[in-house]
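Commentary on secondary and tertiary structure
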Amino acid sequence: MKEIIYIQAGSISNYVGTHFWNAQQSYFTYGEDEEVLIDHDISFREGISPKGEPTYCPRLLQFDRKANFGSLSSNRGFYAEDETEGTASLWDGAVDEIRQDRVPDNTYQLQLDEEVEEDPAFPEAEESQPVPPLKRSDVRYWSDYNRVYYLPRSVHKLPDPADWGTADGDWQGGKDAFSRYNSDNALMDDSFRLFVEECDTFQGLQLCIDNATFGSFADSLMTAFRDDFPKHPTMTFAVLSDSVPGDIDVDDMHAIRKALNDALCLRGSNEFSTMTIPLWSPSVWTSGPWSAELSVDLQSPYETSAILSAHVETATLPLRVKTRELLGDFCDQLNVNGVTPFAELSGAFPASSAKTLDSRTYHFALMQPEPGGRSGPQLPRRNVTRGWTELARRQFDDLNAVSASRAIVRSLHARDEYPLPSSFPSFFRAQHLSAEARRTPRGILARPRSVPMVSTLASGRASPRLLAQHGDFVRDCIQRKVDWSMLGMDEDEARELRDSLWALRDNFGDVLDSSDHGSEGLGEDEEA
């Protein structure tokens, strides 16, 4: 068994991660004759539910500010400790106790316990009533649509910042926060170590990090991880801030600080992560043909994170299927010559063939969609299609053979479409993809939904462009003589950061040049 431990840090990452784990939960099968797509032991460990029943819990550490956990602390439907019970005091005198009101469970969580599966022995009841689907206005926290149980040691709530302050882009503040939290809670020695010790053979980490709020926290965590596990592979999905170099007001010190924090995170990823996939924050996404079949609100983290999670889950599917690949091998295939540990995520959702990919593909490392979602000539890439016909697969492979004559391309064609549990947004323009549930005497029946799609991880030109963009931004800050004391660094550190980013970009230049003179590309297809 080759287990992966997952880490989520920050609000956006936990929105994405909640959709990810809901999808994993939907893969569980309970019939003896049902085909199993996923090896659940890679990502889950067995635990006991609040009802004393066996259940599978994610091998997960999730971090966020306490206020962002919502009703998770109320211990309803979650495998987590109740924070307000079992407290004791050595004081036997009078006590005036003041408690913050609990965040109530939303309607979806209250209905979740009533969900039942279709049973041929029970025909649809005539007196069934429709149940309204989950809407964006119903979701205030990422826990509002969670469907899985968590171990107590998975949940890590960091103190909320002061009302007059912000943690966005505070590099040193994040490092101090990790040091305090790790010291007070023995994070690496207890929670993390216990997950590792439960593994038969620990593979490595898959992380999703909000750079703006938890970038330096994760950087310190990875430093501690590397002290004990210097050779284990890690794959990091890094969500950049909403401060885009080139669009920042020269007097906006908060935006400058967030962009510099992104630059520091990119440099740190090169040092500690085997493979990093930078993703622009959903708040700066732009609509276009790629979203033509979706009625999505780009300002809703519940909806945008669902799209991003679908691509993250699909692109990493080869790590979890029964005929799985090892995390280290997967990363190595994208890291050309071992000097470019950055990749790019793109894809089309929904998509059932290659015919419309030129207009339907969105590239999450670019500021806007480009034809085919491509960022120029690409090097090795990994494609995953879901629910495509045999003809569509052949057409897709032919298209890749033409567009990547000198690139190593591997494609996994999964027969099953991407699952859409009842927690997934009903933002599809196709009515048959909208959530549909009804209340019956047995409970709430939710009609299964799924969509075809395609996702790609590739080494291309968006990554060196992103690195150069942040390197040039640091250079511009130096030339403008910004007040470095307000940004938590000095000018010498800024010059070192600039040079490091340019050096990382130059590594891509060498590889792109050498790829033009390499051997003919190799292709390999798999089916799951």
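Look above for the structure.
Residues numbered from 1 in each chain as written. Predicted model: local features only at pLDDT ≥ 70, side-chain atom pairs only at ≥ 80, totals over all residues. Heavy atoms only, no water.

With that out of the way, let us pick up a negative patch on the surface. Judged by side-chain charge, Asp-490, Asp-492, Glu-493 and Glu-496 come together as a negatively charged surface patch. In this structure, Glu-496 sits in helix 12 (residues 491-515). (Patch = residues over 30% accessible without salt bridge, like charges linked within 9 Å, V, L, I, M, F, W, Y side chains within 5 Å. Areas by Shrake-Rupley, 256 points an atom, 1.4 Å probe, with all protein chains shown as cover. Salt bridge = Lys/Arg side-chain N within 4 Å of Asp/Glu carboxyl O. Lys, Arg positive; Asp, Glu negative; His and termini not counted. Charge placed at Lys NZ, Arg CZ, Asp CG, Glu CD. Helix = DSSP H or I, 4+ residues; strand = E, 2+ residues; numbered from the N terminus.)

Residue placement: Asp-249 occurs in the loop between strand 9 (234-239) and helix 6 (253-272). Classification of Asp-249 as partly exposed rests on a relative accessible area of 46%. Polar contacts involving the side chain of Asp-249 include one to the main-chain amide nitrogen of Asp-251, which spans 2.8 Å. (Buried < 20%, exposed > 50% of the residue type's maximum accessible area, 1.4 Å probe, protein only. Polar contact = N/O pair within 3.5 Å; in protein donor to acceptor, adjacent residues only side chain to side chain.)

Right, let's get into the pattern of salt bridges. In total, this model carries 23 salt bridges according to the counting rule given. Two residues, Glu-115 and Arg-147, come together in a salt bridge whose shortest N-O distance is 3.1 Å. With Glu-115 in strand 5 (residues 115-116) and Arg-147 in the loop between strand 6 (129-131) and strand 7 (155-158), this pair connects stretches of sequence that are 32 residues apart. Residue class for Glu-115 comes out partly exposed when judged on its relative accessible area of 24%. When salt bridges that share partners are traced, they join Arg-45, Arg-153 and Glu-198 into one network.

Residue position: Gln-206 is located in strand 8 (residues 202-210). Classification of Gln-206 by relative accessible area gives buried; the value is 5%. Contacts of Gln-206, omitting those with residues within four sequence positions, involve Ile-4, Ile-5, Tyr-6, Ile-7, Phe-20, Met-235, Phe-237, Val-312, Thr-316, Leu-319 and Arg-320. (Contact = heavy atoms within 4.5 Å.)

What follows covers the sheet that holds strand 7. The strand order 7-4-1-8-9-10 describes an open sheet built from six strands, whose pairing is parallel. The open sheet is flanked by strand 7 and strand 10 (275-279), the only strands paired with a single partner. The mean angle between the axes of side-by-side strands here comes to 10°, regardless of whether they run parallel or antiparallel. Along the sheet, helix 5 (residues 211-228) contacts strand 1 (3-9), strand 4 (60-65), strand 7, strand 8 and strand 9; its crossing angle with strand 8, the most-contacted strand, is approximately 160°. (Pairing = 2+ DSSP bridges. Axes fitted to C-alpha atoms, helices over the stretch in contact; angles between N-to-C directions.)

With omega at -10°, the peptide bond leading from Phe-349 into Pro-350 counts as cis. Mapping Pro-350 onto the fold places it in the loop between strand 11 (344-348) and helix 9 (357-360). For Ala-186, which is not a glycine, the phi torsion comes out positive at approximately 50°. Its location among the elements puts Ala-186 in the loop between helix 3 (171-185) and helix 4 (187-198).

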